Amino acid sequence: MDNRRSWSRRAVLKGTLAVGALGPAGVRPKLSLAADAALTPACRDGHQEQATLASAAGPYFKPDSPERGDLVEAPSDGRLITLRGRVLSRSCQPLANVLLDLWHADQNGLYDDSGFRYRGHIFSDARGGYQFRTIEPALYPGRTRHFHFKIQAPGGQILTTQLFFPGEPRNQIDRLFRPQLLMTIGGTPELLSAQFDFFIDA
Ligand code: FE
């Protein structure tokens, strides 16, 4: 693990980062043709995307999660889900080496407070891509179905947010639900495929 990753991990996972040390302009490279080719359609007219909404961390966040993208531990009777997407700046530039920390309830709607089941973090790749393999979290009292995230670009602010599942009846009554944080869900009944792109100030 290099120093930058180690530093980022400590900063996010301990929640002690000083905000905006480098400033957004200081770390953003200029667009190249290659980068332009990777822009999403929403950014082609030059406008800025809205930053991904923040949401509550809730009471179950736990620091020092292991670095891993596969959170599935046998045996599990939860429905498998692959969650992938990209981390992008508000001008749709891919952001590499962004820390993504995921935690969620298990197939019984419980969080692991004594260990790290269904907790892990990874870093986005050179194209801003990320991928987790895990299970569909079960519902628990008072909440609709959701994933929790903390996300931090190197030197950037921490974004704490949640992602939601389309078509959940409790989306209508959960006061934390936001339609902007809905994942796109596909795949099969046995293996769900979820997609979400994060846009962050970086
Ligand atoms: Fe939760």
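Heads up: the structure comes first, above all this text.
Computed from a predicted model, the values in this text were never measured in an experiment.

Conventions and cut-offs
Residues numbered from 1 in each chain as written. Predicted model: local features only at pLDDT ≥ 70, side-chain atom pairs only at ≥ 80, totals over all residues. Heavy atoms only, no water. Salt bridge = Lys/Arg side-chain N within 4 Å of Asp/Glu carboxyl O. Helix = DSSP H or I, 4+ residues; strand = E, 2+ residues; numbered from the N terminus. Buried < 20%, exposed > 50% of the residue type's maximum accessible area, 1.4 Å probe, protein only. 1 Å grid on protein atoms, 1.4 Å probe; cavity = no way out; pocket = protein on both sides within 12 Å on 5 of 7 lines; lining within 4 Å. Points joined across faces, edges and corners; volume = space filled by probe spheres on them. Nonpolar A, V, L, I, M, F, W, Y, C, P; charged D, E, K, R; others polar. Donors = N, O, S within 2.8 Å, 3.2 Å for Na, K, Ca; no water. Tetrahedral: all angles 85-135°; square planar, octahedral: opposite > 155°, others 65-115°. Phe/Tyr/Trp six-rings, centres within 6.5 Å; stacked < 30°, edge-to-face > 60°. Lys NZ or Arg CZ within 6 Å of the ring centre and 35° of its normal.

Asks: Would you take a moment to explain the pattern of salt bridges for this structure?
Replies: It is possible for side chains of opposite charge to pair when their charged atoms get near one another. Applying the stated criterion to the full structure yields eight salt bridges. Its salt-bridge partner being Asp-201, residue Arg-90 comes within 3.6 Å of it at the nearest N-O pair. Residue Arg-90 is found in the loop between strand E1 (80-89) and strand E2 (99-103), and its partner Asp-201 is found in the segment after strand E9 (198-200); the two are separated by 111 residues along the sequence. The exposure class assigned to Arg-90 is partly exposed, which follows from its relative accessible area of 23%.

Asks: How should the layout of surface pockets be read in this particular structure?
Replies: Over the atoms rolls a probe the size of a water molecule, and in doing so it shows where empty space is left. If you add up the space inside the second largest pocket, you get close to 200 Å³. Residues that form the lining of the second largest pocket fall into these classes: seven nonpolar, five polar and two charged.

Asks: How should the coordination of the iron ion be read in this particular structure?
Replies: Metal coordination angles in their ideal form are 109.5 degrees for the four-donor tetrahedron and 90 or 180 degrees for the six-donor octahedron. Binding of the iron ion to the protein goes through Tyr-111 (OH), Tyr-140 (OH), His-146 (NE2) and His-148 (NE2), at separations of 1.9 to 2.1 Å. If you look at the iron ion, its four donor atoms make angles of 90 to 155° with each other, and the shape they trace is irregular. Classification of Tyr-111 as buried rests on a relative accessible area of 10%. You can call His-146 buried: its relative accessible area is 3%.

Asks: Where do I start with the packing of aromatic side chains in this structure?
Replies: Where two aromatic rings form a pair, the distance of their centres and the angle of their planes describe that pair. Using the criterion set out here, one finds 11 aromatic pairs in the structure. Both rings, one in Tyr-130 and one in Phe-198, keep their centres 5.7 Å apart while their planes meet at 45°; by these two values the pair is tilted. With a gap of 68 residues between them, Tyr-130 in strand E4 (residues 129-135) and Phe-198 in strand E9 connect regions that are remote in the sequence. When sorted by exposure, Tyr-130 lands in the same class as Phe-198, which is buried. Every member of this aromatic cluster is reached through a ring pair, and the members are Tyr-130, Phe-132, Phe-149, Phe-196 and Phe-198. Across the ring face of Phe-116, the terminal group of Lys-62 is positioned such that the distance to the ring centre comes to 4.3 Å. Just above the ring of Phe-61 sits the side chain of Lys-150; from NZ or CZ to the centre is 4.9 Å.

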